[in-house]
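# Per-entry structural report
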Amino acid sequence: MHRDLRGVRVAMIGASACAMVLALLGGLAAQTPGTAPPPVKTAACPGDNGGLSLSPGFCATVFADNLGHVRHLVAAPDGTVYANTWSGRYFKSPPPPGGFLVAIKDTKGDGHADLVQRFGETPQSGGTGGTGIALYNGALYAEENGRILRYALASGERVPTAPPTVVVSGLPLTGDHPMHPFIIDSQGNLFVDLGTATNACQSENRIAASRGIDPCVEKQTRGGIWRYDANKTGQVFSPAERYATGLRNGEGLAFDAAGRLFATQHGRDQLYQNWPRLYTAEQSADLPAEELVQLTAGADYGWPECYYDQYQQKLVLAPEYGGDGGKTVGLCAQRQGPVAAFPGHWAPNALAIYLGTKFPAGYRGGAFIAFHGSWNRSPLPQGGYNVVFQPLADGKASGPYVVFADGFAGQYKEPGRAAFRPSGLAVGPDGALYVGDDVHGRIWRITYSGNGADKVAPAAATPAPTATASQAVPPPEGVHPDAGRQTPTLPTPPGATPAQVALGNRIFHGEAANGACSGCHGSDAGGSPVGPPLNTAHWLWGDGSLASLSDIIAKGVPKPKRYEGVMPPMGGSPLSKQDLAAVSAYVWAIGHAGNH
């Protein structure tokens, strides 16, 4: 209730402020009639912006496509864009032939790359690729399978011909966050993110009511930023190089013009699923915030003992460490809060601070953040799958964020079905912004085409997903992205009823009993990086019988075999016996749908 009242209070303040501004503007207009500024004229974009919706004055082209699972990007002074791509256990589909590193360049000046060269480690050499990539002192640095490698680039050489040297090895690869984004400053300090192995340092990862390990020994080797020397080779990971701590997953890293280092923070998951007595499903869908933080040596940003509540605008004690649903602050008063906060579970995967001069003044010095997209927002619609712009001044937020680029996901904003998911950002020497995707390996090039007078403003809203149902009005569950879909014709398992299958369908999609199954398994049950497909009649656990499925759902999957997501008992939802029977019947039905 306090959150609703706060929202009303903010709305009232905003309305009053708007009224005051309108009154002042009216007074000014009366004093100086006919002096209104001319409307901003923006040139029309020549194409369809590569399917994106952009802030006013901006245009996009598809710079390159089908490059594999593109993660982070970096742009060289000659305009070459380098990408690190990833495979292995996180991405199941095979990579394109060649190395995991890609050099891409537009030599014709038409906004589309005509030169694409792959190099580096390959699957045949035991490589899996990675996320982090950077340029420093005449060399390209790239993360590869727990190592950071240095590829020397001779003068005029776009793709290295000499083998790489190992700068750092032994970076942890276990658990929930095995990626290692990094950045290098002008002095050669190499800052690398080591995401956490767990969601909240629980005794049993992602299992309901499991308490946090105290002290969280995981923080000695994970959950922070480590600092190495980019000028040295043969360095080996150890706890001694930890620079800052308390970051669950700081994937995006960037410096501003003053040399301040910023990072994004993936907030923790499953407040409701693990602590249903303290949180509602709706609260958990939007809490905690995703964050933009300024990194300083020795600072602690809260994980796992604390999380940031963007509604209260403060760090609060996590339930695993004695928290009571967001009321108690406790030791979090000594932790470092963010520079800016964003909706929960959007997954900020890349960060670029705009130091160019081609964009309008309002964008200069501000932060672009690529949000990979959520899975843990049921029963609310999934969110993210966009690029936002956060204004900054003197290291602090100087205004609200706006959605700068949208439309990446297409019809389905969910991890298993999104058309594209933003995962990388880079600013080119000509001031263009490059945005990479790790579903199909597309890179967009975004440029400004206006007269410089455009203010920071959000992109036009993208069309809502097309409903598959024929109803003229939306159903009561209209807040869910799949609300209104037609129930498919499905077989009924022995011993169950069609009504149970229909109820299980609604639970699976978060429309009843606060079910959250589709967040991991996809609304089409086709799977995602988090959870396996359920519509193939191939079962990782049990024999696929109704009794077996019911037993697995009831007990959960605390140690998955192949996928990233741990499933709590009952899928993390408060299912009754009737609900359990229904969702088990639905899972059986979708697994056997092709056999009836």
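Now for a quick tour of the structure. (Residues numbered from 1 in each chain as written. Predicted model: local features only at pLDDT ≥ 70, side-chain atom pairs only at ≥ 80, totals over all residues. Heavy atoms only, no water.)

What follows deals with the overall build of the protein chain. Per the secondary structure count, the protein chain includes seven helices and 30 strands. Going through the 596 residues of the protein chain one by one, you find that 55% of them count as buried. Across the protein chain, every contact between residues at least 6 apart in sequence was considered, and the portion connecting residues at least 24 apart equals 60%. Here the protein chain displays about 24600 Å² of accessible surface, and carbon together with sulfur accounts for 57% of that area. (Helix = DSSP H or I, 4+ residues; strand = E, 2+ residues; numbered from the N terminus. Buried < 20%, exposed > 50% of the residue type's maximum accessible area, 1.4 Å probe, protein only. Contact = heavy atoms within 4.5 Å. Areas by Shrake-Rupley, 256 points an atom, 1.4 Å probe, with all protein chains shown as cover.)

Enumeration over the complete set of coordinates arrives at three disulfides. There is a disulfide in this structure between Cys45 and Cys59, and the S-S distance comes to 2.0 Å. Since a negative S-S torsion denotes a left-handed disulfide, the Cys45-Cys59 link at about -90° is left-handed. Of this pair, Cys45 sits in the loop between α1 (2–31) and β1 (53–54) while Cys59 sits in strand β2 (residues 58–64), placing them 14 residues apart in sequence. The connectivity of the disulfide bonds within the protein chain can be written as 1-2, 3-4, 5-6, using the sequence rank of each bonded cysteine. (Disulfide = S-S within 2.5 Å.)

Here the focus is the packing of aromatic side chains. The full count for this structure, using the stated rule, is 29 aromatic pairs. Taking the centre distance of 5.1 Å and the plane angle of 75° together, the rings of Phe58 and Tyr363 count as edge-to-face. Of the two residues, Phe58 is situated in strand β2 and Tyr363 in the loop between β22 (348–353) and β23 (367–371); the sequence distance between them amounts to 305 residues. Note on accessibility: Phe58 and Tyr363 belong to one class, buried. Aromatic side chains Phe368 and Phe404 sit 4.8 Å apart centroid to centroid with 70° between the ring planes, which places their arrangement in the edge-to-face category. Of this pair, Phe368 sits in strand β23 while Phe404 is found in strand β27 (residues 402–406), placing the two residues 36 residues apart along the sequence. (Phe/Tyr/Trp six-rings, centres within 6.5 Å; stacked < 30°, edge-to-face > 60°.)

Below, the discussion takes up the sheet that holds β27. The five strands are arranged β1-β27-β24-β23-β22 in an open sheet whose pairing can be described as antiparallel. With one partner strand each, in any of the chains shown, β1 and β22 form the two edges of the open sheet. Two strands pair when backbone bridges link them, and β22 and β23 are joined in this way by five bridges, in the antiparallel orientation. Each bridged residue has a counterpart across the sheet, and for Ala352 the counterpart in β23 is Phe368. (Pairing = 2+ DSSP bridges.)

The final tally for this structure, using the stated rule, is 18 salt bridges. Close ionic contact of Arg377 with Asp286 constitutes a salt bridge, the shortest N to O distance being 2.8 Å. Remark: Asp286 occurs in helix α3 (residues 281–286) and Arg377 occurs in the loop between β23 and β24 (386–390); sequence separation between them is 91 residues. You can call Arg377 buried: its relative accessible area is 9%. (Salt bridge = Lys/Arg side-chain N within 4 Å of Asp/Glu carboxyl O.)

With that settled, consider the pairing of strand β5 (residues 101–105). Within β5, five of the five residues are buried, leaving the element largely enclosed by the surrounding structure. Pairing of strand β4 (residues 81–85) with β5, which is carried by four bridges, proceeds in the antiparallel orientation. Bridge assignment links Asn84 to a residue of β5, and that residue is Leu101. Of the pairings in the sheet, the one linking β5 to strand β6 (residues 115–119) comprises five bridges and is antiparallel in character. The residue of β6 that forms the bridge with Ala103 is Gln117.

Our next topic: the environment of Val316. Summarising the element assignment, Val316 is placed in strand β20 (residues 314–317). If we ignore the near neighbours within four places in the chain, the residues touching Val316 are Glu305, Cys306, Tyr307, Asp309, Gly326, Thr328, Val329 and Cys332.

Another point: the packing of helix α4 (residues 498–508) against helix α7 (residues 577–591). Put simply, α4 and α7 touch, their axes get as near as 7 Å, and they point 90° apart. Comparing the axis directions of α4 and α7 gives the class roughly perpendicular. Note on element contacts: α7 touches α4 through Asp579, Ala581, Ala582, Val583, Ala585, Tyr586, Val587 and Ala589, opposite Gln500, Val501, Leu503, Gly504, Asn505, Ile507 and Phe508. (Axes fitted to C-alpha atoms, helices over the stretch in contact; angles between N-to-C directions. Parallel < 35°, antiparallel > 145°, perpendicular 65-115°, else oblique.)

Attention now goes to unusual backbone geometry. Of all residues except glycine, most have a negative phi; of all peptide bonds, most are trans. With an omega dihedral of -10°, the bond running from Leu287 to Pro288 counts as a cis peptide bond. Tracing the chain through its elements places Pro288 in the loop between α3 and β18 (290–295). Following Ser378, the chain continues to Pro379 via a peptide bond in cis, the omega torsion being 10°. As for its placement among the helices and strands, Pro379 is situated in the loop between β23 and β24. A positive phi is found at Met570, a non-glycine position, where the angle reads about 60°. Along the chain, Met570 turns up in the loop between α6 (546–555) and α7. Relative accessible area serves as the criterion here: at 22%, Met570 is assigned to the partly exposed category.

Taking 1.5 Å per residue, 15 residues should reach 21 Å; α7 reaches 21 Å between its end C-alpha atoms and fits that length. Summarising burial for α7: 12 of the 15 residues are buried, a large majority. Within α7 the residues assigned to the buried category are Asp579, Leu580, Ala582, Val583, Ser584, Ala585, Tyr586, Val587, Trp588, Ala589, Ile590 and Gly591. Those residues of α7 that are buried lie in contact with α4, α5 (517–521) and α6. (Expected span 1.5 Å × (residues − 1).)

All of the buried residues in α6 are Ser548, Leu549, Ile552 and Ile553. Buried positions in α6, seen along its axis, are confined to an arc of 130° and lie on one side of it. With respect to the buried face of α6, the exposed residues turned more than 90 degrees away are Ala547 and Lys555. Trailing α6 by a residue or two, Gly556 shows a phi angle of about 80°, which is positive. (Arc of directions from axis to C-beta.)

The strand order across the open sheet formed by four strands is β11-β12-β13-β15, and the pairing between neighbours is antiparallel. Each end of this open sheet is capped by a strand with a single partner; those strands are β11 (182–184) and β15 (242–245). Put simply, the sheet's adjacent strands are angled 20° from each other on average, direction ignored.

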